[in-house]
Amino acid sequence: MDNHTSPDIGDCLREGWQLYLKEPLLFSGATALAALLMALASWIPLAHMFLAPPLLAGMYLMIISVDRDEPVSIRRLFDGFSFFVPVVLSSVLISLIVSIGLVLLVLPGIYAALVYGITTLLIVDRGMDFWPAMESSRKTLHVYIWPYLLLALLLGVIFVLASIPLGLGLLVAVPVCMGAQYRFYRSISREPIPNSP
């Protein structure tokens, strides 16, 4: 960890907010549309498993496009389906690993949930397949586990507070928090992936 500069969590949150302000209606609209689709999918068994990961990927693609000042529309949300196989497979595997870790000793499950946190970003930003992305995420976030834990805790608090007014605050909180996570990813992806265990 000594050879790696930890991201500033405050900067990540501020920059996540600034990203949101570039296209607030687009981001909130995409969040509302994704939530509507997920609500409809809840009536179909296992549909959530196949719908949530591509929509998450689509949200990240929108954030990446806005960050790069590229033209973007609501249709970008559905571009995540072009990564359907890797994002769904990684989601299923991560859920399985986290579940096993929680059943065994709890802490391994929490650790797994953290270290696989940038898997989807690696898939959509670098075009990695599911397993290389999972391994790269694990190796990288193992080194940055404490700052990433702090970010995760702060994002969790934001989600809880945003849920209070009938969940309407989530229309802003979701893209802002995803933008903050993206900024964390960008700051650590400038450094080589370490050879951690």
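Just above, that's the structure.
No experiment lies behind these values; they were computed from the predicted model shown.

1. Structural notes on the environment of K22
Part 1 of the argument: Tracing the chain through its elements places K22 in helix 1 (residues 9-22).
Part 2 of the argument: Taking the C-alpha atoms as reference, K22 lies 11 Å from S65; in sequence the two are 43 residues apart.
Part 3 of the argument: K22 has contacts with V66, D67 and D69, leaving out every residue within four places of it along the chain.

2. Notes on unusual backbone geometry
Part 1 of the argument: The phi dihedral of L46 is positive, around 70°, even though this residue is not glycine.
Part 2 of the argument: Looking at where L46 falls in the secondary structure, it is placed in the loop between helix 2 (24-41) and helix 3 (47-67).
Part 3 of the argument: We note that D69 has phi near 60°; this positive angle belongs to a residue other than glycine.
Part 4 of the argument: Topologically, D69 is positioned in the loop between helix 3 and helix 4 (84-104).

3. Considering the packing of aromatic side chains
Part 1 of the argument: In total, this model carries five aromatic pairs according to the counting rule given.
Part 2 of the argument: Ring centres of W17 and Y20 lie 5.7 Å apart, and the angle between their planes is 25°; this geometry places the pair in the stacked category. Here W17 pairs with Y20, and both are found in helix 1, just three residues apart, close to one helical turn.
Part 3 of the argument: On the accessibility criterion, W17 (40% relative accessible area) is partly exposed.
Part 4 of the argument: Exposure remark for Y20: the relative accessible area of 7% places this residue in the buried category.
Part 5 of the argument: Measuring from centroid to centroid gives 6.4 Å for F50 and F84, while their planes differ by 15°, and the two rings are stacked. Residue F50 is found in helix 3, and its partner F84 is found in helix 4; the two are separated by 34 residues along the sequence.
Part 6 of the argument: An aromatic cluster of three or more residues is present, and its members are W17, Y20 and F27.

What counts as what
Residues numbered from 1 in each chain as written. Predicted model: local features only at pLDDT ≥ 70, side-chain atom pairs only at ≥ 80, totals over all residues. Heavy atoms only, no water. Helix = DSSP H or I, 4+ residues; strand = E, 2+ residues; numbered from the N terminus. Contact = heavy atoms within 4.5 Å. Phe/Tyr/Trp six-rings, centres within 6.5 Å; stacked < 30°, edge-to-face > 60°. Buried < 20%, exposed > 50% of the residue type's maximum accessible area, 1.4 Å probe, protein only.

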